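Understanding the architecture of this molecule
If you want the building blocks of each chain, they are given just below.
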Amino acid sequence: MIFLKLIRYQNLLMLAFMQLLFRYGFLKMQNINLALSDWQYSLLVLSTVLLAAAGYVINNIFDQGTDTENKPNNVIVGKKISETTAYNIYAVLNISGVAIGFYLSNAISKPGFASLFILIAASLYLYATSLKQIMIVGNVIVALLLAFSVIIIGFFDIYPAINEENQRQMANLFSILFDYALFAFMINFIREIVKDLEDIKGDLSQEMKTLPIVLGVSKTTKLVFALGLIPIFSILIYINKYFISNDLLIITFYAFLFVVAPLIYFCIKIWTAKTKEDFHTLSLLLKWVLLFGIISVLILTLNIKHNA
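The structure presented is a predicted model; accordingly, all values stated were derived computationally and were not measured.

**Considering the pattern of salt bridges**
Evaluated as defined, the whole model comprises 5 salt bridges. A salt bridge links Lys28 to Asp38; the nearest nitrogen and oxygen atoms lie 3.5 Å apart. Of the two residues, Lys28 sits in the loop between helix 2 (9-24) and helix 3 (38-62) while Asp38 sits in helix 3, which places them 10 residues apart along the sequence. Among the salt bridges present, the one from Asp199 reaches Lys276, with a minimum N-O distance of 3.8 Å. Of this pair, Asp199 sits in the loop between helix 8 (167-198) and helix 9 (200-205) while Lys276 sits in helix 13 (residues 276-307), placing them 77 residues apart in sequence.

**What to know about helix 11 (residues 217-243)**
Taking 1.5 Å as the rise per residue, helix 11 with 27 residues should run 39 Å; its terminal C-alpha atoms sit 38 Å apart, in good agreement. Along helix 11, the positions that sit buried rather than exposed are Thr220, Thr221, Val224, Leu227, Gly228, Pro231, Ile232, Ile235, Ile239 and Phe243. Buried-residue contacts for helix 11 involve helix 8, helix 10 (211-215), helix 12 (249-270) and helix 13.

**Observations regarding the side chain of Asn188**
In this structure, Asn188 sits in helix 8. Here Asn188 falls in the buried class, since its relative accessible area comes to 8%. Residues contacting Asn188, with those up to four places away along its chain left out, are Val142, Ala143 and Leu146.

**Concerning the environment of Ile250**
Position of Ile250 relative to the elements: it lies in helix 12. For the pair formed by Ile250 and Ile299, sequence separation is 49 residues and the distance between their alpha carbons is 7.6 Å. For Ile250, the residues in contact, after removing those within four places along its chain, are Ile299, Asn303 and His306.

**Describing unusual backbone geometry**
Although it is not a glycine, Arg8 sits at a positive phi angle of roughly 50°. The residue Arg8 is located in the loop between helix 1 (2-6) and helix 2 in this model. You can call Arg8 partly exposed: its relative accessible area is 24%.

**So, the nonpolar core**
Counting 97 residues, the largest nonpolar core has Phe22, Val57, Phe156 and Phe266 as its most contacted members. With sequence-adjacent residues up to four places away left out, Phe266 is seen in contact with Ile190, Val194, Val224, Leu282, Leu285 and Leu286.

**Topic: the packing of helix 5 (residues 83-107) against helix 6 (residues 114-129)**
Relative orientation of the contacting elements helix 5 and helix 6 amounts to 155°, with a least axis distance of 7 Å. Between helix 5 and helix 6, the interaxial angle falls into the category roughly antiparallel. For helix 5 against helix 6, the interelement crossing comes out right-handed. Together, Tyr90, Asn94, Gly97, Val98, Gly101, Phe102 and Ser105 of helix 5 and Ala114, Phe117, Ile118, Ala121 and Tyr125 of helix 6 make up the contact between the two elements. The residue inventory of the contact of helix 5 with helix 6, partitioned by class, reads 8 nonpolar, 4 polar and no charged.

**So, the packing of aromatic side chains**
Summed over all chains, the structure comprises 18 aromatic pairs. Consider the rings of Tyr254 and Phe258, whose centres lie 4.9 Å apart with planes at 35°: the pair is tilted. You can see Tyr254 and its partner Phe258 sitting in helix 12, 4 residues apart, about one turn around the helix. Taking relative accessible area as the criterion, Tyr254 reaches 10% and is therefore assigned buried. Taken together, the ring pairs in this structure connect Phe113, Phe117, Phe148, Phe155, Phe156, Tyr159 and Phe174 into an aromatic cluster.

**Observations concerning the packing of helix 2 against helix 7 (residues 137-158)**
Closest axis-to-axis distance for the helix 2/helix 7 pair is 11 Å, and the angle between their directions is 35°. Of the two possible hands of crossing, helix 2 and helix 7 adopt the one that is right-handed. Along its contact with helix 2, which presents Leu15, Met18, Gln19, Phe22 and Arg23, the element helix 7 presents Leu146, Ser149, Val150, Ile152, Ile153 and Asp157. Considered class by class, the residues forming the contact of helix 2 with helix 7 number 7 nonpolar, 2 polar and 2 charged.

Here is what the cut-offs are and how they apply
- Residues numbered from 1 in each chain as written.
- Predicted model: local features only at pLDDT ≥ 70, side-chain atom pairs only at ≥ 80, totals over all residues.
- Heavy atoms only, no water.
- Salt bridge = Lys/Arg side-chain N within 4 Å of Asp/Glu carboxyl O.
- Helix = DSSP H or I, 4+ residues; strand = E, 2+ residues; numbered from the N terminus.
- Expected span 1.5 Å × (residues − 1).
- Buried < 20%, exposed > 50% of the residue type's maximum accessible area, 1.4 Å probe, protein only.
- Contact = heavy atoms within 4.5 Å.
- Core = buried A, V, L, I, M, F, W, Y, C linked by side-chain atoms within 4.5 Å.
- Axes fitted to C-alpha atoms, helices over the stretch in contact; angles between N-to-C directions.
- Parallel < 35°, antiparallel > 145°, perpendicular 65-115°, else oblique.
- Left-handed = near helix turned anticlockwise from the far one by under 90°.
- Nonpolar A, V, L, I, M, F, W, Y, C, P; charged D, E, K, R; others polar.
- Phe/Tyr/Trp six-rings, centres within 6.5 Å; stacked < 30°, edge-to-face > 60°.

If you want it as structure tokens, here you go:
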């Protein structure tokens, strides 16, 4: 159980669920030939999960000071397992994830794609050791990595299977994946800033330069409010352009109820949020918005088939 907490297994389960949903709730229902077999795709998911787990481990190692201040009951490294053991776990997870990436890259005859897994591992290490202390930069890196976990599906499952006959259809599918990756980036970027608001006390004691520390809590909450309006209006435009215009009523209702409405509620509450508990609740809300947003790809697929 200590190991599961160390790698934040709940987040890893959500990541795996997201990637499996895009494959079996979206791509597999399009009657197209994909580059990876089912077991190869499971290896892609495993590789992504292993690298993310390694990222959480190295983050826990370098966050011992801030976690002791912010979440004393959740500190694992230095209390329940030694730092040396944590580094060993980090190395095993990283090596395993990158090795699987090398295999998959050669399996689809794109050996250069192996560099993507090295890039992910390096980015997570740099984030934990230095980038997270730089205002905005750390938030962007985390959000980009989540978005990339969606895009990488296109690189490995769609791109190698493109030919002259299916080029247009594959481009459309890749475009949809990119739209969801952009959604994941926006929501997670905002959530990372909210988490900085939640953890301001510990970050301040470690002399970090997060947005709330530099701007102050009040100005940061107003900025988050403004940022929260961006996905709301973007999704409304998207709904009008692609869902309503094509009479996709089920996904339209779903998007309004489970994505747009919670985001509006978030913007209302963030304006007056002040306490650590307020920010924790809003961070959790954004996590649910992200989950329901990803699930919408299945609702969209079923709605299109229902209308066909």
